[in-house]
Amino acid sequence: MADVSLKKVGKTYENASANTIEELNLDIRSGEFVVLVGPSGCGKSTTLRMIAGLEELSDGQIWIGDRRVDELEPRERDIAMVFQNYALYPHMTVAQNMSFGLRLSGMDKAEIRRRVEEAAKVLDISALLERRPKQLSGGQRQRVAMGRAMVRDPAVFLFDEPLSNLDAKLRGQMRAEIRRLHKRLKATTIYVTHDQVEAMTLADRVVVLNKGKIEQQGTPEELYERPATRFVAGFIGSPTMNLLAADVVAESESVSLKIGEVSITVPAERAGALAAHAGSTIEIGVRPEHFLADGAADFSAAVDMSELLGPTKLIHFTLAGVTCSAMLPPELAVREGERQSLRIALDRISIFDPQTGNAL
Ligand SMILES: Nc1ncnc2c1ncn2[C@@H]1O[C@H](COP(=O)(O)OP(=O)(O)OP(=O)(O)O)[C@@H](O)[C@H]1O
Ligand SMILES: [Mg+2]
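These notes cover the structure that comes with them. Computed from a predicted model, the values in this text were never measured in an experiment. (Residues numbered from 1 in each chain as written. Chains lettered and ligands numbered in written order. Predicted model: local features only at pLDDT ≥ 70, side-chain atom pairs only at ≥ 80, totals over all residues. Heavy atoms only, no water.)

Considering the overall build of the protein chain
Which entries qualify depends on this criterion: Only DSSP runs of H or I covering at least 4 residues are called helices, and only runs of E covering at least 2 are called strands; the numbering of each starts at the N terminus. Buried residues are those whose accessible area, probed at 1.4 Å on protein chains only, stays under 20% of the maximum for their type, while exposed residues exceed 50% and partly exposed ones sit between those limits. Residues are treated as being in contact if the distance between any of their heavy atoms lies within 4.5 Å. In short, Shrake-Rupley with a 1.4 Å probe defines the accessible areas, and a residue's cover is counted only from the protein chains shown. Charge counting treats Lys and Arg as positive and Asp and Glu as negative, with His and both chain ends excluded. Lysine's charge is taken at NZ, arginine's at CZ, aspartate's at CG and glutamate's at CD.
The number of helices and strands found in the protein chain is nine helices and 20 strands. In terms of overall dimensions, the protein chain has C-alpha extents of about 80 × 45 × 35 Å along its principal axes. Buried residues in the protein chain amount to 47% of all 360 residues. Relative to all contacts within the protein chain whose residues are 6 or more apart in sequence, the contacts with residues 24 or more apart total 66%. Carbon and sulfur atoms make up 47% of the accessible area of the protein chain, which amounts to about 17500 Å² in all. Here the protein chain holds 44 positive side-chain charges and 49 negative ones, and the gap between their average locations is 8 Å.

Quick word on the site of ligand 1
We apply this condition: Proximity is defined per residue: any heavy atom of the residue falling within 4 Å of a molecule or strand makes that residue near it. Each polar contact in these results corresponds to two N or O atoms within 3.5 Å; when the atoms are within protein, one needs to be able to donate a hydrogen and the other to accept it, and residues that are neighboring in sequence are counted only if both atoms are side-chain atoms.
The environment of ligand 1 is formed by Tyr13, Thr20, Pro39, Ser40, Gly41, Cys42, Gly43, Lys44, Ser45, Thr46 and Glu161. Thr20 is positioned with one of its side-chain polar atoms (N or O) 3.4 Å from an oxygen atom of ligand 1. Contacts to ligand 1 include Gly41, whose backbone N or O atom sits 2.8 Å from an oxygen atom. For ligand 1, the accessible surface in isolation is 640 Å², of which the surrounding protein chains cover 56%.

Some details on the pattern of salt bridges
Our working rule: Basic side-chain nitrogens of Lys or Arg form a salt bridge, by our definition, when they fall within 4 Å of a carboxyl oxygen of Asp or Glu.
Counting across every chain of the model gives twelve salt bridges. Notably, a salt bridge pairs Glu32 with Arg205, separated by 2.8 Å at the nearest N-O pair. Note that Glu32 is positioned in the loop between strand S2 (21–28) and strand S3 (33–37) and Arg205 in strand S9 (residues 205–210), a separation of 173 residues in sequence. There is no split in this pair, since Glu32 and Arg205 are both buried. Two residues, Arg68 and Asp70, come together in a salt bridge whose shortest N-O distance is 2.9 Å. In the salt-bridge network here, residues are joined through shared partners; they are Glu111, Arg114, Arg115 and Glu118.

A few points about the nonpolar core
Quick note on the threshold: Buried Ala, Val, Leu, Ile, Met, Phe, Trp, Tyr and Cys residues form a nonpolar core when they are joined through side-chain atoms within 4.5 Å.
Of all hydrophobic cores here, the largest spans 45 residues; its most connected members are Val35, Met98, Ile125, Met146 and Tyr191. If you look at the next biggest cluster of nonpolar residues, it comprises 31 residues, including Ile259, Ile264, Ala301 and Ala326.

With respect to the sheet that holds S9
Sheet strands pair via backbone hydrogen bonds, and the direction of the pair is either parallel or antiparallel. For clarity, the threshold we go by: Here a strand pair is declared whenever DSSP counts at least two bridges between the two strands. Lines fitted to C-alpha atoms define the axes here, with helix axes fitted over just the stretch in contact, and angles between the N-to-C directions of these axes take values from 0 to 180 degrees.
Read from one edge of the open sheet, six strands run S6-S7-S8-S3-S9-S10, paired in mixed fashion. Every interior strand has two partners, whereas the edge strands, strand S6 (79–82) and strand S10 (213–218), have only one. Across the sheet, the axes of successive neighbouring strands diverge by a mean angle of 20°, strand direction being ignored. Pairing geometry for S9 and S10, over five bridges, is antiparallel. Following the sheet pairing, Asn210 is matched in S10 by Lys213. Across the sheet, helix H4 (residues 138–150) lies against S6 and strand S7 (156–160), angled at about 175° from S6, the strand it touches most.

Some remarks on unusual backbone geometry
Glycine aside, residues mostly have negative phi, and peptide bonds are mostly found in the trans state. With an omega of -5°, the peptide bond between Ser238 and Pro239 qualifies as cis. If you trace the backbone, Pro239 turns up in the loop between helix H8 (230–235) and strand S11 (242–250). Located in the positive-phi region is Ala87, a residue other than glycine, with phi close to 50°. Judged by its relative accessible area of 35%, Ala87 falls in the partly exposed class. In this structure, Lys211 takes a positive phi of about 50° despite not being glycine.

So yeah, pure geometry; function would need other evidence.
Rendered as structure tokens:
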């Protein structure tokens, strides 16, 4: 296993008006599972393809271990990549697909067989080795693609949206399997997805990309609890964080937040970071689970829609002209068209500068 370092990596495609990737610096520790996440077009695949050697850099360097690799051929980089469409050869059996790269490299036949059998066992596809890809389900094809990467025993695994062609249930299963596999192999892994649930469940560290730049990186917990920008706040977490404009008003003993018509008094001992913004308008971010239906209510919301999702009840309401969602206990008796008293867990909110979108 090896460290991977991207040093001031830049990419400008020919005929493109702007840089796709700008001065990207990223250090990945040996054995770490890093997920690159971000909206469509933010440069995730481009970054991965540059590491793999499928795309040239316009700027900067890439190092794997103590080797500079950005000028090496893909096959010299000691990486294996799993693609979204699996890229299996239709005319070859599963075993032939898995062993193809090793056969090209001239590896000893017995060693190839040993590796294929071992990977097949780990992935639970031993019974499928003589089948062709069209005789497999989507999830099985996905496993074969992973097996083909595993037999090469690479220094680094690269995954580009490997689960996006699977249905939701299978995606959940494969996600758990990839996590287990990583625990077992402890291979340095760089995994690209636009699915924040995948990012949060798989990653040791999540790197959020926005327009070719790192917006924030950290553990899933850090990004969820302390998003550095409004963009990250909106991207991580589902349903998404509610963002509301609030005037901060200083009173003699306390601070209050004015959100449209609603005024919420923040007790002095909890005013903390808010007091510093007295007299200005900020943006507050409230996770759906931080609207609470217990204790003294801050406001009463007209419930537009109520959805029972099993373990929680999701309600939608409008606050200061913004459509918000709250996750409440499933047993709560609330119907569409009725009113529900809510309070905001003020000690859990995020606050942002409404101009820059940066956390305050
Ligand atoms: N070969 C290319 N030539 C020109 N522009 C390209 C090329 N490949 C990608 N781009 C552009 O670079 C930007 C980043 O593309 P990239 O494929 O890296 O995005 P992505 O984050 O992987 O998106 P998605 O989630 O949709 O897969 C996009 O604006 C895309 O149009
Ligand atoms: Mg992509």
